[in-house]
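As a plain string of letters, each chain reads:
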Amino acid sequence: MDTSKRFKKGNSGCPSIQCEANREVLCNECASGVVTAAHRVQNRSVEPCLFGKGGTCCRNCNMGPCQIIEGVDAMVGICGADAPTVVARNFARIVAGGAAAHMDHGRGVALAFLETAKGETPYEIKDGIKLRETALRLGIDPGEKSKTDLAIEVGEKLVSEFGQQEGAISFIKRAPQPRQELWQKLGVTPRGVDREVVEMMHRTHMGVDQNYKNILLQAARCALADGWGASMIATELSDIMFGTPVPIRTKVNIGVLKKDEVNVTVHGHEPVLAEALAMVANDPEIVAECKKVGAKGVNLAGVCCTGNEILMRRGLPIAGSFVQQEVVLATGAVEAMVVDVQCIMQGVSPVSKNYHTQLITTSEKAKITGAKHVQFHEDKALDVAKEIIKMAIAKFPERGKYCIPRHEMDVVAGFSHETINYILGGRFRASYKPLNDNIINGRIRGVAAIVGCDNYRVMDEVHVELAKELIANDVLVLVTGCAATGIGRAGLLSPEAMEMAGDGLKEVLEAVGCPPVLHMGSCVDNSRLLIAATEMVHTGGLGNDISDIPVVGCAPQWMSEKAVSIGQYFVSSGAYVVFGPSFPTTGSQVVTDFCFKQMNDIYGGCWDLAQGANEFADKMIDKINERRKALGLDKKKERVLFDMAMRRELGSGIPGMGCSPGGHS
Ligand code: NFS
Ligand code: SF4
């Protein structure tokens, strides 16, 4: 039945949605009258504008907006700008927007780290070994320096890189040597973190850079300043402060909410807030307050990438990914949703108004109408955290009708590149050698990253089906972000899922006891993938650069600008990256060809576009095979082709699987 017809604009009801947990909530009486993105996407009466979709609408000056059609002389901008220029400018501004989000996040972490080093916050320097390693990488001699002095020096150095004007950001030197030389030759080595975004915005202002290739070079430099700069700074300093993740068992999906506890969901991105909440959640004072209102305690659960941060480091559960944020509230069982920055739908505020739920904003950068604002300060982190949790406790007696679905799934997360090292190589000879050896001997065909968001424009469980198809073809899968959460809901992040792997991969996994899909963290933690790929190069036997190794990446349901910045830094680092369901340059064949083909000649990595798990798998496995062949590893490895029956069979063993929103594609 086509349920989309049943709902007029503004009406709520049971939307057409595939995920059982989401359906159980939204089709329940407790969600009656609630309107979420699942409803809005069904009720949307206007299709996305073709000019906007393909990147050919320019609003960069007030002679426009101009809508451009490539190859039609009369359809250039008033200023004369043609499709390649406009599309490249728009694409570059998407990269700059995404990179800026990671950069501001990275800066926040770096400043909090410096305050922590100076003893001005309640956090500590937890990973002294990683602190020393990082110091050495920055050219700082740890010598006999105290942990405090060393941390201050590391913090000051990395904070300074945000405003650095000349030279090169430090972590770029972690890349394989040939890659660094290529970046130098192309002139895309980032000089400072912030500088590259400012320059990108300048160059795409009306009447500045008009050569699409030149614009896209700066987009690459801007993205590299994100991946090898801000995101890597965020990951490394978060690890040093809060602990480098090690494999940990926990649960995901809406069923992690508890009926007899005060449910506090923490949504957004920056780990400093979530860590503080986790530090006080079991405080005797808080537990006593809970008892007074008849609750057993505080249940802290994550949403979006904050969820991934606390899942990786503390084993706290994730209630929902991006597409589930409103559904989590529609359970009526959430006392407070605490948010900081990024990926917070404006819809959460009206949804929360249907319940007793208190929506709390904590960053001066992100205020939401209808929410209470409690400003977070690192130096008063625990006091602020307690204040927030007490607000949640006070709401518990007001909880009305609620519905917590039974769906939750066991996952193992916490695969930092350091732990992959230990798991594969053993604590005493930590190394990527076993991984490389198994790729060389063909047990593992290659490595694929599935990253990025989930998205109401995608109907199918692309992440899940793709991951299954890849592991069945002996491809080890690494995941981050909301893709990781979705794949976790489907049961693929547990060691038991190794049964679905191809014989070669299974043999390797059985020996080390890890899942076929490794959860590597939040979206800033894609920097861990850069390091893992570089380690594979350094370990030897698979070529001299990232563009040689049989590693591919994809974001099949991308939504955020951050995803495009991530994709571009992987491409510029030599990876083959497939996006879907659409790509923002398709309004210009010239720019699209440049991204999909010529970038490969420049970087040894390029973009591509696919729709549906099958096409993604085909393209990614073909690329892995192509790289294997170039390395002389082309021993015939039969490709397992999936048909619908096989897909159904694979899915049937896993209860409560999946959670695609089921919107319109
Ligand atoms: Ni990544 Fe994380 Fe999720 Fe997408 Fe948003 S939470 S930083 S952007 S939606 S994966
Ligand atoms: Fe139109 Fe050119 Fe102005 Fe863009 S910059 S809006 S193409 S006149």
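Everything below is about the structure shown above.
Per-chain numbering applies: the sequence of each chain, read as written, is numbered from 1 onward. To read the labels, note that chains go from A and ligands from 1, taken in the order they are written. A pLDDT threshold of at least 70 governs which residues receive local features in this predicted model, and a stricter bar of 80 or more applies before side-chain atom pairs are shown or counted, although totals over entire chains, interfaces and linings include all residues. Only heavy atoms go into the side-chain values, all of them from the structure, while hydrogens and water stay out.

### Overview of the overall build of the protein
- By the criteria applied, helices consist of DSSP H or I runs no shorter than four residues and strands consist of E runs no shorter than two, each listed in order from the N terminus. Secondary structure summary: the protein contains 25 helices and 16 strands in total.
- In terms of overall size, the protein behaves like a compact globule, its C-alpha atoms giving a radius of gyration of 24 Å where 665 residues would be expected to give roughly 26 Å.
- The criterion used for residue contact is that any of the two residues' heavy atoms lie within 4.5 Å. Summarising the internal contacts of the protein: among those between residues at least 6 apart in sequence, 76% fall at separations of at least 24.
- Only the protein chains shown count as cover for residues, and all accessible areas are computed by the Shrake-Rupley method using a 1.4 Å probe. On the protein, roughly 24,100 Å² of surface is accessible, and the fraction owed to carbon and sulfur atoms is 52%.
- None of His or the chain ends enter the tally, which takes Lys and Arg as positive and Asp and Glu as negative. Lys charges are placed at NZ, Arg charges at CZ, Asp charges at CG and Glu charges at CD. If you average the places of the 72 positive and of the 77 negative side-chain charges in the protein, the two averages end up 3 Å apart. Radius of gyration here is computed from C-alpha atoms only, and the compact-globule reference equals 2.2 Å multiplied by the residue count raised to the power 0.38.

### A short note on the environment of His-105
- Position of His-105 among the secondary structure elements: in helix α4 (residues 83-117).
- His-105 sits 40 residues away from Lys-145 along the chain, and the two C-alpha atoms are 28 Å apart.

### Comments concerning the coordination of the nickel atom of ligand 1
- The donor set comprises N, O and S atoms within 2.8 Å of the metal, extended to 3.2 Å for Na, K and Ca; water molecules are omitted, so apparent gaps in a site may simply reflect that omission. Coordination of the nickel atom of ligand 1 by the protein involves just one donor, Cys-523 (SG), at a distance of 2.2 Å.
- Angle rules define the geometry names used: all angles between 85 and 135 degrees makes four donors tetrahedral, while opposite donors over 155 degrees apart and all other angles between 65 and 115 make four donors square planar and six octahedral, leaving every other case irregular. Every donor counted, the 4 donor atoms about the nickel atom of ligand 1 form angles of 92 to 157° at the centre, which fits irregular coordination.
- With respect to the helices, strands and loops of the structure, Cys-523 is situated in the loop between β13 (517-519) and α21 (526-539).

### A short note on the site of ligand 2
- Taken together, Cys-58, Asn-60, Cys-61, Met-63, Gly-64, Cys-66, Gly-77, Ile-78, Cys-79, Arg-89 and Met-206 make up all the residues around ligand 2.
- When the residues that make up the shell around ligand 2 are grouped by side-chain class, the tally is 7 nonpolar, 3 polar and 1 charged. Nearness here has a simple test: a residue counts as near a molecule or strand if at least one of its heavy atoms is within 4 Å of that partner. Lys, Arg, Asp and Glu make up the charged group, whereas Ala, Val, Leu, Ile, Met, Phe, Trp, Tyr, Cys and Pro make up the nonpolar group; the residues left over, Gly among them, are polar.

### Regarding the pattern of salt bridges
- The term salt bridge refers to a side-chain nitrogen of Lys or Arg lying within 4 Å of a carboxyl oxygen of Asp or Glu. According to the stated counting rule, one finds 43 salt bridges in the structure shown.
- When the shortest N-O distance is used, the salt bridge between Glu-236 and Arg-174 registers 2.8 Å. Taken as a pair, Glu-236 in helix α9 (residues 212-242) and Arg-174 in the loop between α6 (147-160) and α7 (177-186) lie far apart in primary sequence, 62 residues in all.
- Relative accessibility under 20% of the residue-type maximum defines a buried residue, over 50% an exposed one, and the middle range a partly exposed one, all with a 1.4 Å probe and only protein chains included. Accessibility expressed as a relative area gives 5% for Glu-236, which makes it buried.
- When its relative accessible area of 11% is taken as the criterion, Arg-174 is described as buried.
- Connected via shared salt-bridge partners are Lys-130, Arg-174, Glu-236, Asp-239, Glu-309, Arg-313, Glu-418, Asp-525 and Arg-528.

Geometry only, nothing functional implied.
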